Structures are given as structure tokens and as C-alpha cells.
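# Breakdown of the fold
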Amino acid sequence: MLHLEMRGIYYLTVSPQYRLAHTCFTVLTLSGVLLIDWQVCTVIMGTRMEVAQLESRMNTDDYRKLQGLFLDPSGESRSLSRAEFIHMAWSSVGRGSKEEYGLLFDSVVITQEHRGLLLDIDAVKEEGRVDWGGLCSFLLMELSDKVKSTRTSSVPCWKPPRTLTCPHRDPVQKVLHLQSLGQYLTVSKGGTVGLRDGEDMSLLHTHRLQNSTVAPKDLWVTDTVLLHNVHKIAVSFTSKEVCFYDILSTQDFSCKYKLKGLKFTPWCLDYWVDPSHLDQAVLTIGDIGGQVSAIYFTSADISLFERLSLRTDSDSAEIILWDELVEGKHRSCYTVTHHAHMPAWVRKVHYLGLLEAFVSCSTRPQSSMVIGWREKESRSLRVTSFLTKRGVWDMDHHQGLNLIATAGVDHQVLLWNPYVTSKPVCALSGHTSPVTAVRFMQTKQQLLSYSKDKVLCLWDVSSQLCVHRLAGVFPNTQEDTHTLLFLHEEQQLLLLSFNSLLLLLETVKEEKRTSSHEHPVTCVLYNSLFRQVVSSDSASSVICWLADTGQKVKEFHHCHGNADITTMALDGTQTRLFTAGTDGEVKVWDFNGRCLHRMNAGMGRAVEISQVLLLKRSILAMGWERMLTVFRLHSFSQSFVEPSEWRGGAQHRSDVLCAAFQPPQTLVTGSYDGEIIVWNNSTEKALRKLRPHSEHGEGHFLSSHFVVNGKEDSDNSIAITRLFFIPGRASGGADLVSCGGSGVVRVWSTARSCLVGQFTAHHRDLGSVVMTVSPCGKYLVTADREGTLKTWDIQHYCLQPDDGVTTEPPKLLRCFQPHFDRVTHLEVFFQDDSLLLLSASSDCSVALSYLPGDTVGLFRQEEQWCLERPRHPQQEPERDRGEHGGQEDCGEGGKKSPPAASERSQGSGTSAEVGEGELN
């Protein structure tokens, strides 16, 4: 065993035989057990470069050698410098190059320094030195991040359940997929076979299996398996027989062999074929006497059994006697047996080819699950038993994780390591009645479980959490109803039987789409200096893209450690990027990825920053308290910047969520309770307050919920989450627009301190919307949680002062949907002769569109676009200078240059008139 200990937080145990068998190891944390696949681990440890990393090629012996380097001759722990680490590791381990060890050392040091600065821990004992704990911390941090990103816990979207036409009058015993025919086969207790079309599940043909041993009314099928390599099905009967039927001719299902003379009634079957040797196969039989028997076929492609005599029955089937198999009279096959379940019935059997073992289960607690291990070069079995409180109904095995799941009579789903009999790896609790069926989703590392109270649960194996629960859609049946669970992952369908009733559940097949990021995108900006798009995500990564082609330029990882990036802003020179995270910090970066300043907005607390607003002499941060947090530019002489006091004090009664600025000195802020305050930015004094429903008390507003950066809100929310000034509006008219919950957009007059207009831009059930205003003041763009964008013409909307509040919406120009999940941020910008829109979404994509609404493409898509082509006929006409004090007018007319940075300083991801020299 290799043990890596990290300051008492993690304890990692790695078994060498698991490494070779492609199984899993466990990371024990204070919050639980994390299951990790070695095959995933090799990918996890190589996240810093696109080529395979040194860590992914090292094995447990290599890590033991590394651990020894951090012990001095007396056995005491020590740290190593860069030169010492490279020389000693390269010569000791004997794997990789010195450059790779240098990269590993640098990554560990950077991680230590970052954690030490953010968390105020003793990770950095000596500058430029690494100890064993620091190396383990880095490796497990990288591993944990990759596990989070690769964990597939997506919840399936089910189509409405569909009841299938069923030819059976008695319970369905088995559903099989005949891949060679592209059909599904169902077999009932009475021997009726139904063939269904693989596309629409329509019934194609029915047939009744023949067995001359018993009268048709006494025929009882217990189980059926597909022998796909020999084009047959094996069917077990209560007459203590197993019959083999040919499926090449699906019209008659002729019986070829009849295995007779079994000691007990066979109750369950399993069939396994060696994928590299199709002539070698194993048929496993579990019976009601507690016996597990297996027939090893050594030349299945030639003949399953040898013809020892001319014994046939009236079905013209060749009779095979069980005793002859046990005695070894058939050279083409032999048998092995164990009786560990006696006297209980064997409920399920499964042969694990990679482990050369038989796993079976019963409702007897002492033998809830039994594994019969095949001894090398021997036909005997070594048996190990697993104990549960009340026994097991069903089980399944995940090949990649090498885990066995059991469906417990005690309402629990247990996950077992086949090598550990003392206790399960974990228990999945959530069912309130006995669990009758479990099925692993092999490709997604998920598990389905079904219980007697008609509840279907989907579990994420890595997190051990129920990620989806389906109830209330299954038919009302008796408590003792026989329920079968058939999962076909490739077709994304689930078939359940309730006695003779068949219910089909299909998932809505996910559309293959381009993902710009690996995680939900939180903000997107346009850099006019570099003609690049900058986007951030919830995994604290920032990516720069070429706006002209959609091609990725560079990417910065872990900008705020493990904290989400919630919003961003660019300074007036477009050379400095401000990022804010849930760690309560705002960071200033150059576009080489160097952090120039760290702003302590949260005062050491991990608060969520909703907006950063850059002004001429100050920078405002907000989102978590009633007062603005302000940073004066003269404070940027140090790398770590502390906030100053906002002279206006706390005028809001709830948290400030957003702000907008209009030159020369008008500042507005919006809060959680729906209140807007107009400030004089020079004096930082509050001038007046705007409220949509002043008659409501404070308690009404505080009971609402809201959404910031993609989080859900309630239907009645009036929180102000976005504020924009409308450029070019004359004094007295509507010059401010706000949005928030319930899909409502409001238009205000700041001079008259009143609400001028409001309309529902999106259905209130879609919750909070996001928005932006074009630099010319012609377009308003709104977006909702379904990925739908709407473009409105507000050029003349509420332009003239009026006594009332208009509820008529402006003209809707376009409605389009470039995303399929919540839109988190919007940005409008000019490039050359085009007015363009950027949209970021929780579906991990960033889209580029022409205004009023024609999508150019998604960043990182395979086909690159070219914005230098002739203008699209639907897009906005060429720009001209309007009549409103030099503001831009996007009506019909000629050309003009892009807007100044100061005119763009009002949005959520805002620019400012902060010069480069002022920040350095």
C-alpha cells in the first residue's frame, strides 16, 4: 500500500494490484469517501499541458522513491530546493526528463504560494522549496479538480412514459436485445416470445416456445439469456430443464438442445463470452436449492455439447443429461459448482470474466452475496460470503470501477469491493421500501435502482448522491407485482415490466453542441484593443478568443484558486482585466496572465461579488452587503489593496447587487429589495431613491429571492440585478433600464425620480432575466434561463416624459436561441462595420451573434468564421453620429468610430477610465 497523508485532511490508499487490474482506489476525506478510477487518475494528473504529464506515467513504486527523497538520513522530514528536487528525483526515479521534474516543482510552488496567500496557512515554509506534504497537496488538488470535471452526473430528461402493446398474459420474465437483428425480445412466464422493432418498439411477431416435457398450461419459464456468439437463447423452466432455442429462424424457435436432470429448479441464468476467444463461454445457473453451477464451453463455435447418443425428444431436441456433464463425458465443456447459498434461493448470478469469479445473491443474510473464485489451473471454487441485514434481491457489476451494487431488502443499495468482505465501500440510502433491481450505467459511472414503492433513483457513484428521483409515473399495481428493469445504454432507453405490462422510458437524446469552456460560463467581455473576446467560467478559468474567427488564443487556469469567477471588467486602456470571485477578492491581471493587484473586497471573507464598476478615480465592488465597497486609485501602490470607506454610508436596506454610471457624475445602484438609489459620484452622497412599488413594506421585499450569476430566483422577485443607462436620452425622459426577477424590465427617469415604463420580456416562470443595451441606445437585448435571447427596439421607447407608466412593450425585433441553458451574461460591441452581441451561458458555451439577432457561431466550434465578409442584410445599418449631444445613433446613416471607453463604463462587466500607469 502507498499512503499519502495531507495535513490530516486527506488520506489516500492505493493498492498496486488495483493499478494493474484497472480498478479504483479511495480517497478518504472528512466529508466522506471519494472513489477514483486509476484510468481517470492518469488523465487527472496531466492537466497543465496537452501532452501526457510525468505524474500520469509514474506508478506506486516511483512515488515511494519520491517520498524517500523528502527524508534526511535520520528519518526526519525535509524540504528540497528546485535544483535538489530535479537532480535527486531524476536520478532516483529514473523516469521522465529533468525539464518535466522542473515543471512539476514549479507547479507545486505556485499552488503553495496561492494557497498560502488566500487561506493564510503554513503551506509555504520556505520560499522556493517543496516538502512531501506540498507535493501530495498539489497532486490531490489536481486530481480532485479533474474528478469534478469528468464526473458525469447529468440528470436524464425523460420523455413521457409509453405503454407498449404486449402479447403476454402473464409476467414478463426477461427482455433481451438481439443486436444482430436490431430487435428486442421479450419472454413471459408462460413461454410467449414477442419480437419488437428496434426503432419504434412496435410488435413484429409472437411465438410460443415448445417444451414437450410439460403440458402447455403447466409451462413456467424462470429466466432467459442470449447466447449471441452461437445465435441461440437458453431458457430455464420449472421442470428442472434448460432448453437452447435457435433464433436464426425467429418464426419457429426450434429447440436444439435440452439439458435435463438438474437437481433443483433453475431460477436465474447468466452467459458470458470471452471477447478475445468467442469459442470460449460460460453459462451460469442459480437454482432454488442455493446452488450455483457453471458450464464452461471450450468450443462453442463448433458445438455446445457433444452428441454422445441419438437421444431426442418429441421436439427433435438433443437431450443432454446433467450428470454426464458433471462426470466429464462431454469433452467440449465441463462444470463447476458451489452450494454457499443453501438453503436459500439464488436470486441472481453473474460471471465476472476479468476476475474469473461467479457472483450471486440471495435473501438469506448470511449469504446475501457470494463470490466463487476460480482457482488457477483447477476446477474448484474458493467461496467468500458477504453479509447484509436482510439479504439481497438483485445485483450488478461495474467493470470500470470494479464495484458490485446490491439491491437490499433493508431498503439500501450497497456498493462492494469484491476483495473486501468485511463491509461495503458505501451505502446509498434514500429508498423507503425494499430495493428490487439495480443496474449500472457503465459509460457514465451512474447507477439506477428501483424499489417496491415504485421509485426509480439515479445515483452518481463518485459522489454517492441521488441525482435524480422518478416517482408517480409508474402504473398502480399490487404490492407483489413482478417488476423487471431492462437498460439499453446505447439507445438511451429503459424498459420496465409490471407483470404483463411493459412501460418504455426514453431519454431526450442530447444534442451534440460545441462547448467553449469545460464549465458553465459566467461572464464575457470584448477587448477592442486586441480585438479579442474574454470569457470566464465557474472553474476559475479565463479564455481569450479571436473575435474575427472564434479561435482560442490563450487560457489562464485557477485565477481564483477553486473559487468561481463571478464577473469581470476591463479598464479604459483595455490592457488590464479585473476578475472577481466567490473568494471575496478582485484581481487585476495583464494579458500575459500576471496578477498585478489583489483587492480585498470581502475583508478576508469568502463573499460573492456580483459586479465590479470601474470609474475615473475609484473602483466599486458590490453584491454581499448594503454598502458599496470602494477602492481608491491611490491605494494601488501596493500589490494587496485594502478598501476605503464609502462616504455615502449604507443607504440601501438590502444588499447592493448592481450599479451603472453616466458621466459626468451620476451613479445609480440597485439592491435586493428592488430599490434604486441615485448618487452624486463626486461627493458620494445619495440624491434620491426609486422604487417600483413604494406601498410595500420592507418585509415584502426581503422575502423575495433573486438570481445573480446563474442562480435561481422565485417568481415574485423584484431584486435589481442589472442596471444600464440608455445613451443619448434627453433630460427628463427615460434614461435608465433595470431588470431582475419574473422576467420584468423597467424603464426609469432619473431626473424625475419615477418609473416610466415596464413590460414582461420573458415569461415569469422563467425567473430572472439578464440584459444589455447597445452603445447607441437603439437595442435592448434580454435573455432567460432557457437560452432564449430577445432583441427590442428602444430607440423611441418612453422617449418623451409622460405622467403615467406605460406597460406596452417596445417593438420586438428578433427572438432566437443560441443556447439551451441559462444565459448568464450579455455584451454588445462594435467591430469595424458590425454591431455584435456576445452571450455566455451555463451550457458552457459563448456565442457570437449579429444584432438584431443572427448567430455567427459558438467559440471553439470546428468551423471557424470570418467577420471580414460582407455585412449580413439583417444586421444593423452603418453607424452615424446622431443629434443627441454627439451620442451614437444606430439608425440609418453613415459611419463613425467605436465608442470611447468612458461611454461603455456602465455595464455588468464594465470598462473604466483607469489608465495603465495609474495601476502600476
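Our subject is the structure that appears above.
Residues numbered from 1 in each chain as written. Predicted model: local features only at pLDDT ≥ 70, side-chain atom pairs only at ≥ 80, totals over all residues. Heavy atoms only, no water.

### Looking at helix α4 (residues 60-69)
Going by this rule: Accessible area is worked out with a 1.4 Å probe on protein chains only. A residue is then buried under 20% of its type maximum, exposed over 50%, and partly exposed in between. We count a stretch as a helix when DSSP gives it H or I for four or more residues in a row; a strand needs E for two or more, and each element gets its number in order from the N terminus. Throughout, the arc means the angular range of directions from the helix axis out to the C-beta atoms.
Three or more residues of α4 are buried, namely T60, D62, Y63, L66 and L69. All buried residues of α4 lie within an arc of 160 degrees about the axis, which places them on one face of the element.

### Topic: the pairing of strand β22 (residues 357-361)
Quick reminder of the rule: The criterion for strand pairing is that DSSP finds at least two bridges linking the strands in question.
A large share of β22 lies buried, amounting to 5 of its 5 residues. In terms of strand pairing, strand β21 (residues 348-352) meets β22 through 5 bridges, oriented antiparallel. The residue of β22 that forms the bridge with K348 is C361. Linkage of β21 to β22, two consecutive antiparallel strands, is achieved through a turn of 4 residues, within which E356 is found at a positive phi near 50 degrees.

### Side note on the packing of α4 against helix α5 (residues 82-93)
Selection criterion: Where helices are involved, their axes are fitted lines through C-alpha atoms of the stretch in contact, as for all axes, and angles between N-to-C directions lie from 0 to 180°. Oblique is the label for every angle not falling under 35 degrees (roughly parallel), over 145 degrees (roughly antiparallel), or within 65 to 115 degrees (roughly perpendicular). Take the far helix as your reference; a near helix turned counterclockwise from it by less than a right angle gives a left-handed crossing, and one turned clockwise gives a right-handed crossing. Contacts: residue pairs with any heavy atoms within 4.5 Å of one another.
Between α4 and α5, whose axes approach to 10 Å, the crossing angle comes to 140 degrees. Taken as axis vectors, α4 and α5 run oblique relative to one another. When you trace α4 past α5, the crossing you get is right-handed. Contacts from D62, K65, L66 and L69 in α4 reach F85, M88, A89, S92 and V93 in α5.

### Quick word on the pattern of salt bridges
In plain terms, the rule: Any Lys or Arg side-chain nitrogen found within 4 Å of a carboxyl oxygen on Asp or Glu counts as a salt bridge.
The tally for this structure, following the rule as stated, stands at 24 salt bridges. R531 serves as the salt-bridge partner of D832, at 3.0 Å between the closest nitrogen and oxygen. Taken as a pair, D832 in the loop between β60 (823-831) and β61 (834-841) and R531 in the loop between β36 (521-527) and β37 (532-537) lie far apart in primary sequence, 301 residues in all. Between R594 and D590 there is a salt bridge whose closest N-O contact spans 3.2 Å.

### Considering the nonpolar core
This is how it is decided: Residues grouped as a nonpolar core are buried Ala, Val, Leu, Ile, Met, Phe, Trp, Tyr and Cys residues, joined through side-chain atoms within 4.5 Å.
Judged by nonpolar contacts, the single largest core of 24 residues is most densely connected at F244, L259, F297, L304 and F305. Broken down by secondary-structure element, the contributors of at least two residues to this core are β12 (221-227), β14 (241-246), β15 (255-260), β16 (266-274), β17 (277-287), β18 (292-297) and α8 (322-326). Those residues in contact with L259, other than ones at most four positions away along the chain, are K240, E241, V242, F244, I285, I295, I320, L321, W322 and L325.

### A word on the side chain of R374
For clarity, the threshold we go by: The charge count includes Lys and Arg as positive and Asp and Glu as negative, but it does not include His or the ends of the chains. Any pair of N or O atoms that falls within 3.5 Å is considered a polar contact. Within protein, one atom must be able to donate a hydrogen and the other to accept it, and sequence-neighbouring residues count only if both atoms are side-chain atoms.
Here R374 shows up in strand β23 (residues 369-374). Here R374 occupies a buried position and makes no salt bridge, while the nearest side chain of opposite charge, E356, is found at 5.9 Å. Side chain to side chain, R374 and Y296 meet in a polar contact 3.1 Å long. In this structure the side chain of R374 is engaged in a polar contact, spanning 3.0 Å, whose partner is the side chain of Y334. Apart from the residues lying within four places of it in its own chain, the contact partners of R374 are Y296, Y334, E356, R379, S380 and L381.

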